[in-house]
Amino acid sequence: MKNPKEELTYLMIKPDGVRKGLIGEIIRRLEQRDLKIVALEMFQPTLEQIDEHYPKDETWIARLGQKTFKTCEKYNVSPKDEFGTDNELEMGKLVRGWLVNYMVSAPLVKMIVQGTHAVDMVRKIVGPTLPNLAEMGTIRGDFSVDSPLIANAEHRAVMNLAHASETPEEAAHEIEHWFGKDAVHAYKRFGVDE
Ligand code: TYD
């Protein structure tokens with residue numbers, strides 16, 4: 001097993017993060033927690049690349065639809081009126097489509113982040129998916145007020161500033177997809193690695 005201090009994860013600053021001028025702030029928050037940026041690049045993704053990035057399996061898509069269904073329930077909105085369907089898989093497909101279009105609407109910043117429990121640490125720093133519910137002190141809680149209720153009504157994805165891998169397996173897959181092999185730069189952080 002790899003040293004847990006050297007765990008790798010993948011983080012991508014989304015179009016709203018770039019357009020709000022939050023590139024520096026997001027990197028600062030990661031480095032502040034002793035995480036190391038070991039690869040970094042701004043780029044314009046293609047639709048195909050983003051389509052490959054988000055899972056295509058029906059379980060993942062239905063889970064996305066289920067979350068959307070729950071939002072409708074919570075705010076007393078009819079899924080049929082909003083989405084033309086109340087089938088979770090169909091709703092998930094619609095949201096996934098909005099998400100892919102949103103992700104190509106501006107350049108993104110991709111990075112590989114390394115450190116102790118990097119996957120969980122980065123998810124904690126980024127905060128939960130929905131900015132309207134994300135705690136203050138997280139990136140999503142501090143810099144976005146977007147809500148799925150508004151996003152659904154406007155037929156667009158929730159704008160939540162950054163994507164971060166959910167598991168080490170997902171991180172390995174995303175690092176390979178966006179950077180290929182051998183993209184990691186090795187260096188020792190003062191006060192962290194020595
Ligand atoms: P998900 O994997 O649930 O969240 P996370 O990005 O925190 O891992 O959802 C993927 C993306 O889908 C999420 O970042 C934004 C978008 N999304 C919506 O547009 N509307 C929604 O209701 C939800 C739950 C997600």
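See the structure printed just above.
Our subject in this report is the structure included herewith. A quick note: this is a predicted structure, and the numbers were derived from the prediction, not measured. Within any chain, residue numbers begin from 1 and follow the written order of that chain's sequence. Totals for whole chains, interfaces and linings use every residue, but because this is a predicted model, local features are given only for residues with pLDDT of at least 70 and side-chain atom pairs only at 80 or more, for both listing and counting. Hydrogens and water are ignored here; the side-chain numbers use all heavy atoms of the structure.

### Some words on the pattern of salt bridges
Okay, step 1: By salt bridge we mean one thing: a side-chain nitrogen of Lys or Arg within 4 Å of a carboxyl oxygen of Asp or Glu. All told, the structure shown has 14 salt bridges when counted by the stated rule.
Okay, step 2: Residues Asp193 and Lys36 are paired through a salt bridge, measuring 2.9 Å at the closest nitrogen-oxygen approach. Of this pair, Asp193 sits in the segment after helix H10 (168–179) while Lys36 sits in strand E2 (residues 36–43), and the two are 157 residues apart along the sequence.
Okay, step 3: Of the charged contacts, one joins Glu154 and Arg156 as a salt bridge, the two residues approaching to 2.8 Å between their closest N and O atoms.
Okay, step 4: For Glu154, a relative accessible area of 49% translates into the label partly exposed.
Okay, step 5: Taken together, the shared-partner salt bridges in this structure form one network comprising Glu25, Arg28, Arg29 and Asp142. For helices the rule is a DSSP run of H or I covering at least 4 residues; for strands it is a run of E covering at least 2, with both sets numbered from the N terminus onward. To sort residues, take the accessible area from a 1.4 Å probe on protein chains only and compare it with the maximum for the residue type: under 20% means buried, over 50% means exposed, and anything in between is partly exposed.

### Digging into helix H6 (residues 88–103)
Okay, step 1: Every helix has an expected span of 1.5 Å times one less than the residues it contains. Compared with an ideal rise of 1.5 Å per residue, which puts 16 residues at 22 Å, H6 spans 22 Å between its outermost C-alpha atoms and is within 8% of the ideal.
Okay, step 2: Along H6, the residues classified as buried are Leu89, Met91, Gly92, Val95, Arg96, Trp98, Leu99, Val100, Tyr102 and Met103.
Okay, step 3: In the analysis that follows, any N or O atom pair within 3.5 Å is treated as a polar contact, provided that within protein one partner can donate a hydrogen and the other can accept it, and provided that, for residues neighboring in sequence, both atoms belong to side chains. Between the side-chain oxygen at the start of H6 and the backbone nitrogen of Leu89 there is a gap of 2.9 Å, and the oxygen is on Asn87.

### Some remarks on the site of the ligand
Okay, step 1: Residues are counted as near a molecule or strand when any one of their heavy atoms sits within 4 Å of it. Near the ligand there are 15 residues, and of these Lys67, Arg123, Thr129, Val158 and Asn160 occur at the shortest range.
Okay, step 2: Within the side chain of Arg63, one N or O atom sits 3.3 Å away from an oxygen atom of the ligand.
Okay, step 3: At 2.9 Å from an oxygen atom of the ligand is found a side-chain nitrogen or oxygen belonging to Arg123.
Okay, step 4: To measure how exposed things are, a 1.4 Å probe is used in the Shrake-Rupley method; for residues, cover is taken only from the protein chains shown. The fraction of the free accessible surface of the ligand (510 Å²) that becomes covered by protein chains is 96%.
Okay, step 5: Where the shell around the ligand is concerned, the elements lending two or more residues are helix H4 (58–74) and H6.
Okay, step 6: Examining the composition of the shell around the ligand, we find that 5 residues originate from one element, H4, more than from any other.
Okay, step 7: Ten residue types, Ala, Val, Leu, Ile, Met, Phe, Trp, Tyr, Cys and Pro, are classed as nonpolar, four, Asp, Glu, Lys and Arg, as charged, and the remainder, Gly among them, as polar. Among the residues forming the shell around the ligand, the class breakdown is 7 nonpolar, 3 polar and 5 charged.

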